[in-house]
Amino acid sequence: MRALTVEPLKANSADVRDVPDPEPGPGELLVEGLSLGVCGTDREIAEGEYGWPPDGGDRLVLGHESLGRVRSAPADSGFAAGDLVVGVVRRPDPEPCGACARGEFDMCRNGRYTERGIKQLDGYGSQLWTVEPDYAVKLDAGLSETGVLMEPASVVAKAWEQVEKVGGRSWFAPERVLVTGAGPIGLLAALLGVQRGLDVHVLDVATDGPKPPVVRDLGAQYHSAEMNEVAARVKPDIVIEATGVPSVVFGALTGNAAYGVVCLTGVSPVGHKISVDVGTANREMVLENDVVVGSVNANLAHYAAAAEALAAADAGWLARLITRRLPLADFAQALDARPDDIKVVLDLQ
Ligand SMILES: [Zn+2]
Ligand SMILES: [Zn+2]
């Protein structure tokens with residue numbers, strides 16, 4: 001079979017090559033890969049910034065945003081041939097830590113977790129892959145085109161859960177949410193905000209291309225002005241930050257409403273210094289009981305919530321989030337980010 005592989009920590013080593021078909025272990029599903037979503041993590045691994053091969057090898061099958069169709073499944077697995085499935089990215093550390101032992105491997109405390117396509121486990125960027133039934137999630141049959149958005153949607157479902165848990169420490173009746181960044185994470189965060197009946201605002205630098213109409217057609221408001229100006233106008237009860245841009249992050253900390261909850265989901269590059277008044281941020285956060293919470297990855301409950309959110313979404317709107325779809329052989333183009341991209345997807349068959 002063909003697989004997209006990379007030699008971790010070696011720039012420009014990504015390559016589509018023939019590798020042996022995977023053999024399902026006891027109890028495992030054998031899955032035909034349909035599509036693979038590509039994101040910044042894959043681009044950073046392909047650029048040699050990080051990534052870990054499986055023990056005993058030097059190449060890693062890339063890809064963590066999966067969608068496939070079950071080819072074979074054990075009778076008692078809860079899955080059957082033909083089911084549309086997504087594979088979970090993270091596996092608990094072998095020890096495991098207290099969080100992993102409770103199924104909260106997204107909250108792993110010791111960093112010894114492994115991740116498909118990122119850290120010590122081959123990913124889902126291949127024409128066939130195997131997965132343990134406990135780490136496979138069945139999707140609505142109507143999601144055969146857009147189910148590849150499940151992994152980013154699971155990240156967003158966790159972010160919303162964190163916001164609601166933090167807000168739930170006292171009376172919480174949020175009305176307005178500001179989402180910063182109109183990439184896949186931001187747009188899916190906006191979708192889940194609309195599904196909650198909130199007044200949703202999305203900020204991004206794009207002034208044309210697909211992002212503004214996609215936001216408007218969701219029933220949300222699109223803004224491309226300065227963060228501080230937009231935050232002052234919207235007065236968001238919730239900010240979901242998905243850019244990692246330092247000035248936008250600082251604007252989120254200082255620009256929310258009283259009892260605001262800011263959820264940070266964007267990973268910033270290090271070493272980009274800006275001058276900020278920490279006293280102002282501290283004063284606002286103390287006097288307004290604000291909370292800033294970081295959120296990454298997702299556990300099985302978040303995948304289940306994401307599957308429901310995608311099944312409830314308008315299929316035509318979801319399809320517009322996939323702005324480029326390329327054959328596997330064109331992986332290099334997929335790894336090359338373009339300004340108008342929302343989600344780029346590789347077709348694996
Ligand atoms: Zn990703
Ligand atoms: Zn752990």
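None of these values were measured; they are calculated from a predicted model.

Re the overall build of the protein chain
Helix and strand counts for the protein chain stand at 11 helices and 19 strands. Radius of gyration (C-alpha) of the protein chain: 20 Å, near the 20 Å computed for a compact globule of 349 residues. Expressed as lengths along the three principal axes of its C-alpha atoms, the size of the protein chain is roughly 60 × 45 × 40 Å. The buried share of the protein chain, taken over its 349 residues, is 52%. Considering only intrachain contacts with a sequence separation of at least 6, the fraction spanning at least 24 residues in the protein chain is 69%. Surface summary for the protein chain: the accessible area is close to 15,200 Å², and the carbon and sulfur share equals 51%.

As for the domain arrangement of the protein chain
Once the domains are mapped, the protein chain shows domain 1 (2-146 + 321-347) and domain 2 (154-294). Counting residues at the interface gives 9 residues for domain 1 and 11 residues for domain 2. Buried area between domain 1 and domain 2, summed over both chains or domains, comes out near 730 Å², and the portion from carbon and sulfur atoms is 70%. When the buried area of domain 1 at its contact with domain 2 is split by residue, Leu321, Asp340 and Ile342 rank highest and sum to 61% of it. In this structure, the connection of domain 1 to domain 2 is made through 1 salt bridge.

A closer look at the environment of Asp15
By secondary structure assignment, the location of Asp15 is in strand E2 (residues 15-18). Residue class for Asp15 comes out partly exposed when judged on its relative accessible area of 28%. Here the alpha-carbon distance between Asp15 and Phe331, two residues 316 residues apart in the chain, equals 8.0 Å. Of the polar contacts made by the side chain of Asp15, one reaches the side chain of Arg17; its length is 3.2 Å.

Examining the pairing of strand E15 (residues 238-241)
Side chains Ile238 and Ile240 of E15 all project onto a buried face; the interleaved residues Val239 and Glu241 project onto the opposite face, where all are buried too. Pairing analysis gives 4 bridges linking strand E12 (residues 176-180) to E15, with the strands arranged parallel. Opposite Thr180, over in E15, you have Glu241 as the bridge partner. The pairing of E15 with strand E16 (residues 261-264) spans 4 bridges and is parallel. Bridging across to E16, Ile238 finds its partner in Val261. Once the chain exits E15 it traverses helix H7 (residues 246-254) before rejoining the sheet at E16, and the crossover so formed is right-handed.

A short note on helix H8 (residues 278-287)
N-capping of H8 is provided by Asp277, with a side-chain oxygen placed 3.0 Å from the backbone N of Gly279. In the stretch just after H8, Asn289 is the one whose phi turns positive, near 55°.

Observations regarding the packing of aromatic side chains
Counted under the stated rule, the structure contains 4 aromatic pairs. A ring pair is formed by Tyr50 and Trp52, whose centres lie 6.3 Å apart and whose planes are at 50°; its orientation type is tilted. For Trp52, a relative accessible area of 38% puts it in the partly exposed group. Consider the rings of Phe172 and Tyr259, whose centres lie 5.9 Å apart with planes at 70°: the pair is edge-to-face. Residue Phe172 is located in the loop between helix H3 (150-167) and E12, and its partner Tyr259 is located in the loop between H7 and E16; the two are separated by 87 residues in the primary sequence. Phe172 gets classed as partly exposed once you look at its relative accessible area, which sits at 21%. Over the ring of Trp52 we find Lys119; its NZ or CZ atom is 5.8 Å from the centre of that ring. Above the plane of the ring of Tyr113 lies Lys119, whose end atom (NZ or CZ) is 4.8 Å from the centre.

The rules behind each value
- Residues numbered from 1 in each chain as written.
- Chains lettered and ligands numbered in written order.
- Predicted model: local features only at pLDDT ≥ 70, side-chain atom pairs only at ≥ 80, totals over all residues.
- Heavy atoms only, no water.
- Helix = DSSP H or I, 4+ residues; strand = E, 2+ residues; numbered from the N terminus.
- Rg over C-alpha atoms; globule rule 2.2 N^0.38 Å.
- Buried < 20%, exposed > 50% of the residue type's maximum accessible area, 1.4 Å probe, protein only.
- Contact = heavy atoms within 4.5 Å.
- Areas by Shrake-Rupley, 256 points an atom, 1.4 Å probe, with all protein chains shown as cover.
- Domains from an automatic or database assignment.
- Buried area = accessible area lost by both parts, 1.4 Å probe.
- Salt bridge = Lys/Arg side-chain N within 4 Å of Asp/Glu carboxyl O.
- Polar contact = N/O pair within 3.5 Å; in protein donor to acceptor, adjacent residues only side chain to side chain.
- Pairing = 2+ DSSP bridges.
- Right-handed = clockwise from strand over helix to strand, strands pointing away.
- Phe/Tyr/Trp six-rings, centres within 6.5 Å; stacked < 30°, edge-to-face > 60°.
- Lys NZ or Arg CZ within 6 Å of the ring centre and 35° of its normal.

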